[in-house]
Amino acid sequence: MKLYFAPLEGVAGYIFRNAFVHHYCGADRYFTPFLSNPILSHKERNDVLPENNAASPLIPQILANNSEYFLEIAKTLKDLGYSEVNLNLGCPSGTVVSKKRGAGFLSVPDSLDTFLGEIFEKCPLKISLKTRIGMEDISEWSHLLEIFAKYPFSELIIHPRLRRELYGGSVHRDAFKTAFDYLVGKKGLSADKLVYNGDICSAEDFSSLTAEFPELTKVMIGRGALKNPEIFNILHGKGEIKNPKEKLDTFYAYHDELFDSYRNIMYGEKPVLFKMKELWGWFSEYAGLDAKELKSIRKASSFTAYTSTRRQFQTQAISALR
Ligand SMILES: Cc1cc2nc3c(=O)[nH]c(=O)nc-3n(C[C@H](O)[C@H](O)[C@H](O)COP(=O)(O)O)c2cc1C
């Protein structure tokens, strides 16, 4: 089974991906958050510069509904040495959807079809698609599948939720089955072109998915990797870090690399602390923090206070092991 690290805008930029591979690793592919400017912004360029990236292979993701913009970004990426790009057809954010981009593009299937025709004809790079199953209603899915089936995508990554469901409720595994039956069963596509994505946060979630889809060869994981950075190694059968002290030390080394790297690229204490506090929302359970402890790190208003609270956490956790 191949396991992919999902694109996570605002979280998993190159600083995050680098720290992740330095301390945990395990994913077979990494994806950048979406790039949307035909001339890459400074932030976007930094995120894809090969010299900034330890995570490999890395697939840059593009958010566009204009083929010229898409091709412009793809050309820049080709010049940087990339051989594949991913198209975002899933972003549910209001500002993106209102411009008929991301999941919003699914609401205008004829324009989507024309756009796909143009990019697949002219793009010099391989193109994979990452999609939701529709905007409002599950009945949209079969027509979208007919459109996708016309194009030689390298992979179709399916997050089986509608745009209106954002990231809540349960995933529609039946819609993933519909895709499998249609594309593999009816259209004769190889099963390894399909990638499942959504709500895989534990070995139990993974076993239930693979039991339901024994032919599945690729799974993408996002939030599960934020909540448990060992997830790829666990699902690859390498097991989790057995020694509790080593587990803690690895986690805090990961944390410290993130903190130091953000301090290096961001100006001032406030934005760095904001970033780290946001990350604690994902990390707290893995690090064994209770609600009171999480609150205490969120209260830190200077690097000194933050570092002292973080040190306290590690010391307390280690003494609790004795
Ligand atoms: C904070 C956050 C940022 C995201 N950014 C992107 C993005 O830039 N591009 C994208 O295709 N999906 C993005 N997603 C969606 C994820 O890649 C993934 O499809 C979704 O979280 C479902 O997978 P999961 O349940 O394994 O997290 C984002 C999700 C979250 C929670």
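Residues numbered from 1 in each chain as written. Predicted model: local features only at pLDDT ≥ 70, side-chain atom pairs only at ≥ 80, totals over all residues. Heavy atoms only, no water.

## Structural notes on helix α12 (residues 269-283)
- The terminal C-alpha atoms of α12 lie 20 Å apart, and with 15 residues this matches the ideal 21 Å at 1.5 Å per residue to within 8%.
- Buried residues of α12: Val272, Leu273, Lys275, Met276, Lys277, Leu279, Trp280 and Phe283, and no others. (Helix = DSSP H or I, 4+ residues; strand = E, 2+ residues; numbered from the N terminus. Expected span 1.5 Å × (residues − 1). Buried < 20%, exposed > 50% of the residue type's maximum accessible area, 1.4 Å probe, protein only.)

## Here's the deal with the environment of Arg164
- Of note, Arg164 is situated in the loop between β6 (156-158) and α7 (173-186).
- Since its relative accessible area comes to 48%, Arg164 is described here as partly exposed.
- Taking the C-alpha atoms as reference, Arg164 lies 21 Å from Ser111; in sequence the two are 53 residues apart.
- When residues no more than four places from it in sequence are discounted, the contact partners of Arg164 are Met135 and Glu136. (Contact = heavy atoms within 4.5 Å.)

## Overview of the packing of helix α3 (residues 67-79) against helix α5 (residues 109-122)
- Running from N to C, α3 and α5 point in directions that differ by 30°, and their axes come no closer than 9 Å. Classified by the angle between their axes, α3 and α5 sit roughly parallel to one another. Between α3 and α5 the crossing geometry is right-handed. Residues Ser67, Phe70 and Leu71 of α3 pack against Phe115, Glu118, Ile119 and Lys122 of α5.
- When grouped by side-chain class, the residues that make up the contact of α3 with α5 number four nonpolar, one polar and two charged. (Axes fitted to C-alpha atoms, helices over the stretch in contact; angles between N-to-C directions. Parallel < 35°, antiparallel > 145°, perpendicular 65-115°, else oblique. Left-handed = near helix turned anticlockwise from the far one by under 90°. Nonpolar A, V, L, I, M, F, W, Y, C, P; charged D, E, K, R; others polar.)

## Considerations on the environment of Lys245
- Relative to the assigned elements, Lys245 resides in helix α11 (residues 244-265).
- According to the relative accessible area criterion, Lys245 is partly exposed, its value standing at 39%.
- Counting along the chain gives 69 residues from Lys245 to Gln314, while the straight-line C-alpha distance between them is 9.8 Å.
- Setting aside residues up to four positions removed in sequence, Lys245 forms contacts with Ile318 and Leu321.

## Regarding the site of the ligand
- With respect to spatial proximity, 18 residues lie near the ligand, and among them Pro7, Glu9, Gln61, Asn197 and Asp199 are the closest.
- The separation between a nitrogen atom of the ligand and a polar main-chain atom of Glu9 is 2.7 Å.
- For the ligand, an oxygen atom lies 2.7 Å from a polar atom in the backbone of Asp199.
- When the ligand sits alone it has 600 Å² of accessible area, and the protein chains cover 90% of it. (Near = heavy atom within 4 Å. Polar contact = N/O pair within 3.5 Å; in protein donor to acceptor, adjacent residues only side chain to side chain. Areas by Shrake-Rupley, 256 points an atom, 1.4 Å probe, with all protein chains shown as cover.)

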